[in-house]
Amino acid sequence: MSLTSEDVAKIAHLARLGVSPEDLTSYAGELSKILDLVDQLQAADTDGIPPMAHPLDAVQRLRNDTVTEADQRGAAQACAPVTQDGLYLVPRVVE
């Protein structure tokens, strides 16, 4: 696939990139080469070839879910003006 300077200017405008007019021709050539390489990769026959690695195959080692410190809610709420059933009571803001 070959891109023209106008294509590159339009893409640059959509991406909000500032590209000088003298660079448009060289960018068009470089981007065309990249797109040609992508076309070559897509043309490769990969049927029957298993993937080398996949993130879903990974297993994470998890630690045991155990309590490591004591309940300190009372100490945290000791400085609160008003609490009830372990919750902070605050004035109503929205009516």
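Per chain, residue numbering runs from 1 following the sequence as it is written. Only residues with pLDDT of at least 70 get local features here, since the model is predicted, and only at 80 or more are side-chain atom pairs given and counted; chain-wide, interface and lining totals rely on the full set of residues. Derived side-chain values reflect all non-hydrogen atoms in the structure, with water molecules and hydrogen atoms excluded from consideration.

(A) Highlighting the overall build of the protein. Secondary structure elements follow DSSP: runs of H or I no shorter than four residues count as helices, runs of E no shorter than two count as strands, and numbering proceeds from the N terminus. The number of helices and strands found in the protein is three helices and two strands. Walking the protein from its N terminus toward its C terminus, one meets helices and strands in the order α-α-α-β-β. Exposure classes here rest on a 1.4 Å probe applied to the protein chains alone. A residue is buried below 20% of its type maximum, exposed above 50%, and partly exposed in between. Buried positions account for 8% of the 95 residues belonging to the protein. Residue contacts follow a heavy-atom distance rule, with two residues in contact if any of their heavy atoms lie within 4.5 Å. Within the protein, contacts between residues separated by at least 24 positions form 32% of all contacts whose residues are at least 6 apart in sequence. Summing over all exposed atoms, the protein offers an accessible surface of approximately 9,200 Å²; the carbon and sulfur share of this is 57%. Positive charges come from Lys and Arg, negative ones from Asp and Glu, while His and the chain ends are left out of the count. Charge coordinates come from a single atom per side chain, which is NZ of Lys, CZ of Arg, CG of Asp or CD of Glu. Side-chain charges of the protein comprise 7 positive and 15 negative groups, with the mean position of each set lying 10 Å from the other. Only the protein chains shown count as covering a residue, and every accessible area follows the Shrake-Rupley method with a 1.4 Å probe.

(B) Inspection of helix α2 (residues 24-43) at higher detail. Here the expected span of a helix is defined as 1.5 Å times the quantity of residues minus one. Look at α2: 28 Å from first C-alpha to last across 20 residues, which is about the 28 Å you get at 1.5 Å a residue. Those residues of α2 that sit buried are Leu24, Ala28 and Ser32. All buried residues of α2 project into a common sector of 70° when viewed along the axis, lining one side. Exposed positions of α2 whose direction lies more than 90 degrees from the buried face are Lys33, Gln40 and Leu41. Those residues of α2 that are buried are in contact with α1 (5-14). By definition, the arc is the one covered by directions from the helix axis to the C-beta atoms.

(C) Layout of the packing of α1 against α2. Where α1 meets α2, the closest approach of the two axes is 8 Å, and the angle between their N-to-C directions is 95°. By the angle class used here, α1 and α2 are roughly perpendicular. Residue-level inspection shows Ser5, Val8 and Ala9 of α1 in contact with α2, the latter providing Leu24, Thr25, Tyr27, Ala28 and Leu31. Gly falls in the polar group here, along with every residue not listed as nonpolar (Ala, Val, Leu, Ile, Met, Phe, Trp, Tyr, Cys, Pro) or charged (Asp, Glu, Lys, Arg). By residue class, the composition of the contact of α1 with α2 is six nonpolar, two polar and no charged. Axes here mean lines fitted to C-alpha atoms, for a helix over just the part in contact, with angles spanning 0 to 180 degrees between N-to-C directions. Throughout, the term roughly parallel applies to angles under 35 degrees, roughly antiparallel to angles over 145, roughly perpendicular to angles from 65 to 115, and oblique to all others.

(D) Expanded view of the environment of Asp23. With respect to the helices and strands, the residue Asp23 is situated in the loop between α1 and α2. Assessed through its relative accessible area of 29%, Asp23 is described here as partly exposed. In the structure, Asp23 is positioned 14 residues away from Ala9 in sequence and 9.9 Å away in space, judged by C-alpha atoms.

(E) Broad picture of unusual backbone geometry. One non-glycine residue with positive phi stands out, namely Arg16, at about 60°. Along the chain, Arg16 falls in the loop between α1 and α2. For Arg16, a relative accessible area of 65% puts it in the exposed group. Even without being glycine, Asp85 reaches a positive phi, approximately 55°. You can see Asp85 is positioned in the loop between β1 (83-84) and β2 (87-88). What makes Asp85 exposed here is its relative accessible area of 70%.

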